[in-house]
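Each chain, letter by letter, is given below.
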Amino acid sequence: MKIKVSFQPLQRSIAVLLCFLLSPLSAPTFADDNNSSFDEPVGKITGLVSIATRNRTNSNIRDVVRAKDNLSTNTSGRMRIELHDGSILSVGSESELKIVKHNPATGETIGTVPRLGRAETRQAIEAAERAFPAWRKKTAKERAAIMRHWFDLMMANQEDLAKLMTTEQGKPLTESKGEVAYAASFLEWFGEEAKRIYGDTIPSHQADKRIVVTKEPIGVVACITPWNFPLAMITRKAGPAIAAGCTVVLKPASQTPFSALALAELAERAGVPNGVFNVITGAASEIGGELTSNPIVRKLSFTGSTETGKLLMAQCASTVKKLSLELGGNAPFIVFDDADLDAAVEGAITSKYRNTGQTCVCANRLLVQDAVYDAFATKLADAVKKLKPANGLEPGATQGPLIDDRAVEKVESHISDATSKGATVLVGGKRHALGGRFFEPTVLTNVTPAMAIAREETFGPVAPLFHFKSEADAIALANDTEFGLASYFYGRDIGRIWRVAEALEYGIVGINTGLISTEVAPFGGVKESGIGREGSKYGIEEFLEIKYLCIGGI
Ligand code: NAP
């Protein structure tokens, strides 16, 4: 596979890295700013991507080169890799080592990453532990300067990171660019926020004592992230953790490892020291098993499905780790009869179809008051017909493919379950003519709580429209789920806005808007949608411990 990418001259070296990751089988072609193409072979690198990324647990690109030189196979067919510090890794044969990653839009192989396990995870944790004392000792201002540089590098490479993301995840390029900026914003925000980690003095209970409260970084933090936001879900955790003085071991989703590795490369270029941000790819249960049981790890921050979150929570019990969980949702999107219907349709398109319906805050159930049901359904259907499913790299694409075949099957099963129980397909309803993992943006009417789509996250481009009569009905329907992440409603009555906002059992309520994500506001859920908050001044607290100093003899 040949990949042609445009890069700024100063970004040549990251171009080499990204193409290294993107094209394991042949030398990529580069183009510079003036579009004068030239070949810059990076060598035949089959298998070496694994080695490169393996050593990324040490967060140092120079180690990659050394590991490459020090690779050999012993008599039992196992590979020996000598690391920069002289230690030897003995790992399985090359074919056992790799996770092959495909482009969801084309099915083409993008590249491979190493399938690492417990031993390497332990090494990464130990690297993070070694790095912790020096990193926490830096002043907040020193850490903030590095974070700011990291942010600047992300923004300088926004286009390239976006192409990489679209290639591995499928979302349209405009969305990828938006995500790069959103992801970078957490580095900038939390770098600044670290300067404001204030303690407290408390009026004492005794005349000769003083009470002081300080806040300290918690220590080594494990992060596990999903594929639907390959960069933002990482920086929303690693940003505050690193800004607070913690060190991080990250396991990105196997569907989207390359964005994470590019982020690690930029971290190094920004001056994040070795061992502060460690990325480890591979077998989820092995890596997760070590991250959750190793006593060096003080905190787990996880984003993903509720099912996996519960498992990890149980695994963390043996070492009583602090936990942040950002889990699944089942967002209601309520349209009251006094809503501005055009605004509600615009909000529904944003909330429901962004990332082809694969966000945890996607409207999963559209609850529409009887008086405006037909009008809203017609307007929504008209807007949905204008969406353009296509390879995310194609200009004008608004709907990329779903992430994998299982995702397509789930969407299909929700639609067939709903239609078998009386729902009607107003638009779409089947796999797209483009084939592969493309699915037609769909609107279903006459959906009821008896259907699977009412209870489970569809994670696809399907808007199911439910009827409701009164405000009380809408609230009861909206809260009738074990999830409690995002919710939305449209209406103009100020009294109702307050009543409904207060009655919704959700961590996030979007009122007359379908887009709620920003680094300055707290993101997170209640009930089985999670524990803790990310982003905002609250997000950094998740990575801090409170220490009470009681000073006597005064
Ligand atoms: P997932 O299957 O739970 O996977 C998420 C991450 O957990 C991946 O890195 C995965 O690794 C890892 N993992 C899976 N099993 C594991 C185990 N036994 N031990 C350790 N790690 C394990 O979820 P997903 O399908 O990728 O993501 C979609 C879900 O995430 C949806 O439910 C969505 O709502 C939720 N989400 C929530 C938020 C939020 O902020 N609340 C944001 C985004 C997504 P592999 O990739 O290697 O399997």
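Anything mentioned here points back to the structure above.
Residues numbered from 1 in each chain as written. Predicted model: local features only at pLDDT ≥ 70, side-chain atom pairs only at ≥ 80, totals over all residues. Heavy atoms only, no water.

Under the counting rule described, the total for this entry stands at zero disulfides. Of the cysteine sulfurs around Cys-362, a residue in no disulfide, the closest is that of Cys-360, at 8.1 Å. (Disulfide = S-S within 2.5 Å.)

The next point concerns the site of the ligand. Near the ligand you find 29 residues, and of these Thr-225, Ser-254, Ser-305, Leu-327 and Glu-457 are the closest. Arg-236 places a side-chain nitrogen or oxygen 3.0 Å from an oxygen atom of the ligand. Using a 2 Å cut-off from the grid points, one finds that the ligand occupies the largest pocket. Elements with a contribution of two residues or more to the shell around the ligand: helix 9 (232-244), helix 11 (284-293), strand 14 (297-303) and helix 12 (306-316). Classifying every residue of the shell around the ligand by side-chain character gives 15 nonpolar, 10 polar and four charged. (Near = heavy atom within 4 Å. Polar contact = N/O pair within 3.5 Å; in protein donor to acceptor, adjacent residues only side chain to side chain. 1 Å grid on protein atoms, 1.4 Å probe; cavity = no way out; pocket = protein on both sides within 12 Å on 5 of 7 lines; lining within 4 Å. Sits in = over half its atoms within 2 Å of the grid points. Helix = DSSP H or I, 4+ residues; strand = E, 2+ residues; numbered from the N terminus. Nonpolar A, V, L, I, M, F, W, Y, C, P; charged D, E, K, R; others polar.)

On to the sheet that holds strand 21 (residues 486-490), then. If you trace the seven strands from one edge of the open sheet to the other, you get 18-19-20-17-16-21-22, paired in mixed fashion. Two strands bound the open sheet, and with one partner strand each, they are strand 18 (424-427) and strand 22 (508-511). Ignoring strand direction, the axes of neighbouring strands in this sheet form an average angle of 25°. For strand 17 (residues 363-369) and strand 20 (residues 462-468), the ladder comprises four bridges, and the chain directions are parallel. Looking across to strand 20, one finds that Leu-367 is bridged to Phe-466. Sheet contacts for helix 15 (residues 405-420): strand 18, strand 19 (442-447) and strand 20; angle to strand 19, the most-contacted strand, approximately 30°. (Pairing = 2+ DSSP bridges. Axes fitted to C-alpha atoms, helices over the stretch in contact; angles between N-to-C directions. Contact = heavy atoms within 4.5 Å.)

Now for the packing of helix 6 (residues 140-156) against helix 9. The interhelical angle for the contact between helix 6 and helix 9, taken along N-to-C directions, is 155°, at an axis separation of 9 Å. Classified by the angle between their axes, helix 6 and helix 9 sit roughly antiparallel to one another. In this structure, the crossing between helix 6 and helix 9 has a hand that is right-handed. Between helix 6, through Arg-143, Met-147, Trp-150 and Met-154, and helix 9, the contact on the second element is made entirely by Thr-235, Gly-239, Ile-242, Ala-243 and Ala-244. (Parallel < 35°, antiparallel > 145°, perpendicular 65-115°, else oblique. Left-handed = near helix turned anticlockwise from the far one by under 90°.)

Turning to the nonpolar core, a few remarks are in order. Membership of the largest hydrophobic core comes to 57 residues, with the highest contact counts inside it found for Trp-150, Met-154, Ile-242, Val-248 and Phe-277. Each residue touching Met-154, except ones within four places of it in the same chain, is listed here: Leu-161, Val-180, Ala-183, Ala-184, Leu-187, Leu-231, Thr-235, Leu-263 and Leu-266. (Core = buried A, V, L, I, M, F, W, Y, C linked by side-chain atoms within 4.5 Å. Buried < 20%, exposed > 50% of the residue type's maximum accessible area, 1.4 Å probe, protein only.)

Attention now moves to the sheet that holds strand 9 (residues 200-202). Read from one edge of the open sheet, three strands run 9-10-24, paired in antiparallel fashion. Only two strands of the sheet have a single partner each, and these edge strands are strand 9 and strand 24 (544-551). Across the sheet, the mean angle separating the axes of adjacent strands is 25° when strand polarity is ignored. Pairing of strand 9 with strand 10 (residues 210-217), which is carried by three bridges, proceeds in the antiparallel orientation. Residue pairing across strands places Thr-201 opposite Val-212, the latter belonging to strand 10.

Bringing helix 17 (residues 494-503) into the picture now. The set of residues buried in helix 17 consists of Arg-496, Ile-497 and Val-500. Projection of helix 17 onto a plane perpendicular to its axis shows the buried side chains occupying an angular sector of 105°, all on one side. For helix 17, the exposed residues lying more than 90 degrees away from the buried face are Ile-494, Trp-498 and Glu-502. Capping the start of helix 17 is the job of one residue whose side-chain oxygen sits 3.1 Å from the backbone nitrogen of Gly-495: Asp-493. (Arc of directions from axis to C-beta.)

Looking now at empty space enclosed by the protein. Summed over all chains, the structure comprises two cavities of 30 Å³ or more. Empty space within the largest cavity amounts to approximately 60 Å³. Around the largest cavity, the lining residues are Arg-365, Leu-367, Pro-449, Ala-454, Arg-455, Phe-466, Leu-477 and Asp-480. Here the residues of the lining of the largest cavity are counted per class, giving five nonpolar, no polar and three charged. Each pocket or cavity is described by its volume, and for the second largest cavity that value is around 40 Å³. Lining of the second largest cavity is provided by Gly-329, Asn-330, Ala-331, Gly-357, Thr-359, Cys-360, Cys-362, Asn-364, Glu-457, Thr-458 and Phe-459. For the lining of the second largest cavity, the per-class residue count stands at four nonpolar, six polar and one charged. (Points joined across faces, edges and corners; volume = space filled by probe spheres on them.)

Once rolled over the atoms, a probe with the size of a water molecule shows which space is left empty. Here the largest pocket defines a volume of roughly 1300 Å³. Taken together, 40 residues line the largest pocket, and the ones lying closest to its centre are Trp-227, Gly-304, Ser-305, Thr-308 and Arg-406. Going through the elements one at a time, helix 11, strand 14, helix 12 and helix 15 are the ones with two or more residues in the lining of the largest pocket. Element by element, the count of residues in the lining of the largest pocket is highest for helix 12, at six residues. Looking at side-chain class alone, the lining of the largest pocket contains 15 nonpolar, 15 polar and 10 charged residues. If you add up the space inside the second largest pocket, you get close to 300 Å³. Lining the second largest pocket are 16 residues; nearest its centre among them are Tyr-182, Phe-229, Arg-354, Leu-515 and Ser-517. For the lining of the second largest pocket, the secondary-structure elements that each account for two or more residues are helix 8 (173-193) and helix 9.

Attention shifts here to the pattern of salt bridges. Under the defined criterion, the tally for this structure stands at 28 salt bridges. The residue Asp-338 makes a salt bridge to Arg-496 at a minimum N-O spacing of 2.8 Å. Here the residue Asp-338 occupies a position in the loop between strand 16 (331-335) and helix 13 (341-353), and Arg-496 occupies one in helix 17, the gap between them amounting to 158 residues. Overall, the relative accessible area of 25% leaves Asp-338 in the partly exposed class. Measuring nitrogen to oxygen at the nearest pair gives 2.9 Å for the salt bridge that ties Glu-471 to Arg-499. Here Arg-499 lies in helix 17 and Glu-471 lies in helix 16 (residues 471-479), a separation of 28 residues in the sequence. Overall, Glu-471 belongs to the buried group, its relative accessible area being 17%. Three or more residues are tied together by salt bridges with common partners; here these are Arg-118, Arg-122 and Glu-290. (Salt bridge = Lys/Arg side-chain N within 4 Å of Asp/Glu carboxyl O.)

Here we come to the packing of aromatic side chains. Where two aromatic rings form a pair, the distance of their centres and the angle of their planes describe that pair. This structure, assessed with the given rule, holds eight aromatic pairs. Centre to centre, the rings of Trp-227 and Phe-459 are 5.8 Å apart; their planes meet at 90°, and the pair counts as edge-to-face. Taken together, the positions of Trp-227 in the loop between strand 11 (220-224) and helix 9 and Phe-459 in the loop between strand 19 and strand 20 put the pair 232 residues apart, joining distant regions of the chain. Each of the two residues, Trp-227 as well as Phe-459, counts as buried. Following the ring pairs from residue to residue traces out a cluster consisting of Tyr-182, Phe-186 and Phe-190. (Phe/Tyr/Trp six-rings, centres within 6.5 Å; stacked < 30°, edge-to-face > 60°.)

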